[in-house]
Amino acid sequence: MPEGTVRRTSVSEARERLAESRFLFVDAELPEVAPPGEQPVAHLLGLEVEDLAWLGREEEAARAEFLGDAAVFVVPAIEAGEIIHLHVLATERYLVAVHRGPAGLVQNLIARFRHERPPDAVATLFLLLGEALETYRRSAVRALLDVEDLEDEMFRQREPEQLYRLARLRRTAALLHHTLLPYRQAAEEAITRRVLNRDFPEERKRLAREYQRTSGLVLTDIEALQEAARRGFSTYSSLVSGEQNGVINRLAIVSTIFLPLTFVTGFFGMNFAYLTDEMESGAVFWLLAVGLQVVFLVVALYALHRTRIWRRLRDDERIDDDV
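Counting from 1, residues in each chain are numbered in the order their sequence is written. Two thresholds apply to this predicted model, a pLDDT of at least 70 for residue-level local features and 80 or more for giving and counting side-chain atom pairs, whereas whole-chain, interface and lining totals are computed over all residues. Note that the side-chain values use all heavy atoms of the structure and ignore hydrogens as well as water.

Caption draft 1: Geometry of the side chain of Thr235. Residue position: Thr235 is located in helix H6 (residues 202-268). The class of Thr235 is buried, set by a relative accessible area of 13%. In what follows, a contact means two residues having at least one pair of non-hydrogen atoms within 4.5 Å. Ignoring sequence-local partners within four residues, the contact set of Thr235 consists of Glu151, Met154 and Phe155. The secondary structure listing takes helices from DSSP runs of H or I that are at least 4 residues long and strands from runs of E that are at least 2 residues long, numbered from the N terminus. Buried residues are those whose accessible area, probed at 1.4 Å on protein chains only, stays under 20% of the maximum for their type, while exposed residues exceed 50% and partly exposed ones sit between those limits.

Dropping the structure here:
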């Protein structure tokens with residue numbers, strides 16, 4: 001990259017430099033909310049490329065196309081957890097980046113100039129596009145690690161708040177995918193057409209292929225985040241189901257024990273003449289009323305001990321103690 005300086009300047013001076021300099025990188029930061037009667041950025045900078053009314057316009061959709069010798073992009077990026085759109089115009093002589101509000105990725109790009117020194121505006125363009133992709137990669141990797149940490153917390157102790165945090169991470173994954181995919185498809189079509197052109201220099205073809213490979217890897221990271229978020233919901237549901245199964249097993253044990261006792265108690269509590277007149281002695285009471293219940297209780301405990309319900313309950317308690 002030719003030696004140069006980084007400085008803030010007025011629109012009029014930037015316009016003069018665009019007209020005179022052999023290679024120039026211009027970063028224009030606009031107010032986050034467009035004031036009434038704001039003039040088009042392309043007109044203020046004196047750009048001669050046609051169809052640039054969208055440059056700097058709010059809520060512009062993703063864009064990647066070539067207008068003659070100029071490449072124009074509306075690139076999504078992540079800034080402080082929010083989606084911003086960077087409007088980019090690149091020609092052989094200059095590169096113009098326009099955004100509303102601050103854009104840390106532009107500052108990161110300028111910091112890289114000291115070490116990488118791109119030779120022209122096109123190489124700088126691919127550096128800028130790659131830096132925008134890196135914001136997506138960092139956001140996706142950070143969210144993926146949060147999902148994995150959340151799963152570990154679930155296994156240690158499940159709490160309702162974890163489900164809310166997991167839902168937010170899943171929404172983050174959907175937002176990343178929803179904003180990156182349309183831009184990536186547009187960029188793939190535009191760059192592929194230009195790469196297939198025989199007059200396109202080999203060095204620029206290499207940069208284009210490297211960018212396409214990076215964009216595919218970033219999209220893979222986002223899809224991995226989506227899969228991890230879905231897996232986290234499945235983990236939470238499995239833990240809830242396991243706890244419900246434990247409760248049902250305990251209810252089954254209690255029912256098995258008390259159902260025969262309830263039947264015996266209800267039967268001997270009926271006011272039949274035989275029960276009230278013939279079974280009045282204490283021995284009959286202890287034998288039938290108490291002894292029969294003890295027999296039923298012993299049989300029920302033995303049946304539970306021989307079935308899976310009891311063993312499964314003990315295994316679940318042992319697993320909970322180990323965790």
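Having put the structure on the table, let's press on.
Caption draft 2: Quick look at the layout of surface pockets. Only protein atoms enter the 1 Å grid, on which a cavity is a set of points fitting a 1.4 Å probe that cannot get out and a pocket is an open set with protein on both sides within 12 Å along at least 5 of 7 lines, lining residues being those with an atom within 4 Å of a point. Grid points are joined across faces, edges and corners, and a volume is the space filled by probe spheres set on the points. Counted as a void, the second largest pocket has a volume near 670 Å³. What lines the second largest pocket is a set of 25 residues, and nearest its centre among them are Ile78, Gly81, Glu82, Ser139 and Thr172. Contributing elements (two or more residues each) for the lining of the second largest pocket: strand E3 (70-79), strand E4 (82-90), helix H3 (104-116), helix H4 (121-156) and helix H5 (160-195). Among the elements that line the lining of the second largest pocket, the one with the most residues is H4, at 8 residues. Three classes are used, and their members are as follows: Ala, Val, Leu, Ile, Met, Phe, Trp, Tyr, Cys and Pro are nonpolar, Asp, Glu, Lys and Arg are charged, and the others, Gly among them, are polar. Here the lining of the second largest pocket is built from residues that sort into 9 nonpolar, 7 polar and 9 charged.

Caption draft 3: Here's a closer look at the pairing of strand E2 (residues 63-67). Pairing of E2 with E3, which is carried by 5 bridges, proceeds in the antiparallel orientation. When the sheet's bridge partners are listed, Leu67 is paired in E3 with Ala70. At least two bridges found by DSSP between two strands are what make those strands a pair.

Caption draft 4: The arrangement of the environment of Ala143 in detail. Of note, Ala143 is situated in helix H4. Considering only alpha carbons, one finds Ala143 and Leu166, 23 residues apart in sequence, at a separation of 9.9 Å. When near neighbours in sequence (up to four residues on either side) are disregarded, Ala143 contacts Leu169 and Leu225.

Caption draft 5: Looking closely at the pairing of E4. Bridge count for E3 against E4 is 9 bridges, and the pairing is antiparallel. Paired with Glu79 across the two strands is Glu82, which belongs to E4. The antiparallel hairpin formed by E3 and E4 contains 2 residues in its connecting segment, where Ala80 sits at a positive phi of about 55 degrees. Connecting E4 to the next strand, strand E5 (residues 94-100), in antiparallel fashion are 3 residues.

Caption draft 6: Examining the packing of H4 against H5 more closely. Closest axis-to-axis distance for the H4/H5 pair is 10 Å, and the angle between their directions is 155 degrees. Taken together, the axes of H4 and H5 are roughly antiparallel relative to one another. Taken as a pair, H4 and H5 cross one another with a handedness that is left-handed. Residue-level contacts link Phe126, Leu129, Leu133, Tyr136, Ser139, Ala140, Ala143, Asp146, Val147, Leu150, Glu153 and Met154 of H4 to Gln162, Arg165, Leu166, Leu169, Leu176, Thr179, Leu180, Tyr183 and Ile191 of H5. When its residues are assigned to classes, the contact of H4 with H5 shows 15 nonpolar, 3 polar and 3 charged. The axes are straight lines fitted to the C-alpha atoms, using for helices just the contacting stretch, and the angles between their N-to-C directions are given from 0 to 180°. Here the angle decides the label: under 35 degrees means roughly parallel, over 145 means roughly antiparallel, 65 to 115 means roughly perpendicular, and every other value means oblique. Note on convention: the crossing is left-handed when the near helix lies turned anticlockwise from the far helix by less than a right angle, right-handed when the turn is clockwise.

Keep in mind these numbers describe shape, not what the thing actually does.
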